[in-house]
Amino acid sequence: MSSALSEPVTELPPVSRTALGVAGLRAYESRRPDRLIDDPYAAAFFDAGKALYPAPEPSPVPPEPGQDLGSLFYPQVVVRTRFYDEYLAGAIEAGVTQVVLLAAGLDSRAFRLEWPAGTRLFELDLPGVLGFKDRVLDEHGARARCARVVVPVDLREDWDFALREAGFDPALPTAWLAEGLLIYLSFDEATRLLGMVGELSAPGSMVAFEHRTGGPSTLVEKALALDNGREVTNLWQGGLASQGKEWLSANGWQPTAHVRPSLAQEHGRDTHDEPPGFVIAVRS
Ligand code: SAM
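Each chain carries its own residue numbering, running from 1 in the written order of its sequence. Where totals are concerned, whole chains, interfaces and linings use all residues; where local detail is concerned, this predicted model gives features only for residues with pLDDT of at least 70, and gives and counts side-chain atom pairs only at 80 or more. To get the side-chain values, all heavy atoms of the structure are used, and hydrogens and water are removed first.

Undergrad: Please set out the side chain of serine 205 residue by residue, giving values where relevant.
TA: Helix and strand assignments come from DSSP, with helices taken as H or I runs of at least 4 residues and strands as E runs of at least 2, each series counted from the N terminus. By the secondary structure assignment, serine 205 is in the loop between helix H7 (187-199) and strand E5 (206-211). Buried residues are those whose accessible area, probed at 1.4 Å on protein chains only, stays under 20% of the maximum for their type, while exposed residues exceed 50% and partly exposed ones sit between those limits. A relative accessible area of 0% means that serine 205 is categorised as buried. Polar contacts, as counted here, are pairs of nitrogen or oxygen atoms within 3.5 Å of one another; within protein the pair requires one atom able to donate a hydrogen and one able to accept it, and residues that are adjacent in sequence qualify only if both atoms are side-chain atoms. From its side chain, serine 205 meets the backbone oxygen of alanine 202 in a polar contact 2.7 Å long. The contact rule is simple, with two residues in contact once any of their heavy atoms fall within 4.5 Å. Beyond its immediate chain neighbours, meaning those up to four positions away, serine 205 contacts Leu172, Pro173, Thr174, Trp176, Trp253, Ala281, Val282 and Arg283.

Undergrad: How would you explain helix H2 (residues 42-49) if you had to name every residue and give the values?
TA: Within H2, seven of the eight residues are buried, which leaves it mostly tucked inside the rest of the structure. Those residues of H2 lying buried are Ala42, Ala43, Ala44, Phe45, Phe46, Ala48 and Gly49. Packed against the buried residues of H2 are helix H1 (14-30) and helix H5 (127-139).

Undergrad: Describe the site of the ligand, listing the residues and the values that go with them.
TA: Residues are labelled near a given molecule or strand when at least one of their non-hydrogen atoms is within 4 Å of it. Within the structure, the ligand sits among 20 residues, and Ser16, Arg26, Ala103, Asp125 and Glu179 are positioned closest to it. Residue leucine 155 places a main-chain N or O atom 2.8 Å away from a nitrogen atom belonging to the ligand. Measuring from a nitrogen atom of the ligand, one finds a side-chain N or O atom of arginine 156 at 3.4 Å. Against a free-state accessible area of 590 Å², the protein chains account for coverage of 97% of the ligand. The protein chains shown are the only cover counted for residues, whose accessible areas, like all others here, come from Shrake-Rupley with a 1.4 Å probe.

Undergrad: Which residues make up the sheet that holds strand E6 (residues 253-259), and what values do they have?
TA: A pair of strands is considered paired only if DSSP assigns at least 2 bridges between the two. The strand order across the open sheet formed by seven strands is E3-E2-E1-E4-E5-E7-E6, and the pairing between neighbours is mixed. Looking along the sheet, the strands with just one partner apiece sit at the ends: strand E3 (147-152) and E6. Taking the axes of each pair of neighbouring strands and ignoring which way they run, one obtains an average angle of 20 degrees across the sheet. One ladder, built from five bridges, connects strand E1 (residues 98-102) with strand E4 (residues 174-178); its direction is parallel. Bridging from a neighbouring strand, valine 99 pairs with alanine 175 of E4. Taken strand by strand, H7 contacts E1, E4, E5, E6 and strand E7 (277-283), and its axis lies near 160 degrees from that of E5. Under this scheme, a helix contributes an axis fitted over its contacting stretch, all axes are lines through C-alpha atoms, and angles between N-to-C directions fall in the 0 to 180 degree range.

Undergrad: Any details on the pattern of salt bridges? Residues and values, ideally.
TA: What counts as a salt bridge is simple: a side-chain nitrogen of Lys or Arg found within 4 Å of a carboxyl oxygen of Asp or Glu. By the definition in use, this model includes 19 salt bridges. Between aspartate 85 and arginine 112 there is a salt bridge, and its shortest N-O distance comes to 2.9 Å. Here aspartate 85, found in helix H3 (residues 69-93), pairs with arginine 112, found in helix H4 (residues 109-112); they are 27 residues apart in sequence, far enough to count as distant. By relative accessible area, arginine 112 is classed as buried at 14%. A salt bridge links glutamate 123 to lysine 133; the nearest nitrogen and oxygen atoms lie 2.7 Å apart. Highlighted residues: glutamate 123 in strand E2 (residues 120-125) and lysine 133 in helix H5, separated in sequence by ten residues. Here glutamate 123 and lysine 133 have matching classes, each one buried. Residues participating in the shared-partner salt-bridge network are Arg26, Arg80, Asp85, Asp107, Arg109, Arg112, Glu179 and Glu210.

Written out as structure tokens, the structure reads:
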């Protein structure tokens, strides 16, 4: 799919430009015969915004381990996208009808996944990226496969009121997803955000995000050592680091950690690196 935005994009905050990098990787993956995900809008997003993407190579990269941020994170982004697709499918299977994507960025799950009738999906992110996204989607005549509600907010602030105003029902079990977000927040910002998620979560709600155990991330260390990745790595605040599971346990959730390499091997992908992974937690 090519992009043909009538007006060029001129501005996005740096942290939102990272969503373009992720879209570029999903576009690359979607063209592979052995793709783990098929995102029909990723290329359109990337094409429309690539002038703003901070990496020196504004194109989807090949999957070999390399000396740029895109190729370093490519296997991780693909496996993580697939993992969360399956997480959300499992939540729907369990009867959840309310989904909240925290920092939705250019995530097109509302358009590319199957959702049962009655599913309501909220997309939260900064206003600039959500406006850009809707312009591209409109230009391509995209139609959501669920009731999609866009909620422009800063997730470091009090966003709960805006979510409720948009129709979120805290009495319903919710599947929350924070994909590629927490590293851009400080520990205090991340725990404040997750505290608000907990307050809005009826029993049976679920939350998922990236999680690692143990010491420093070798992948993050490699990324920090790259000269050509600074515009992105300078934005990293660390999030919950390796304390996600512990924090969830102490705050009303029952977390389960999922290790990424086994998933990558299962899908025939080499993540080249350490064992970071994901956590999925259920609200008791
Ligand atoms: N989850 C999406 C995905 O996987 O495609 C986007 C991931 S992208 C790496 C990070 C996203 O976090 C961007 O869309 C950015 O705008 C969003 N973000 C970062 N800080 C934010 C904040 N304080 N409030 C709202 N969104 C934020």
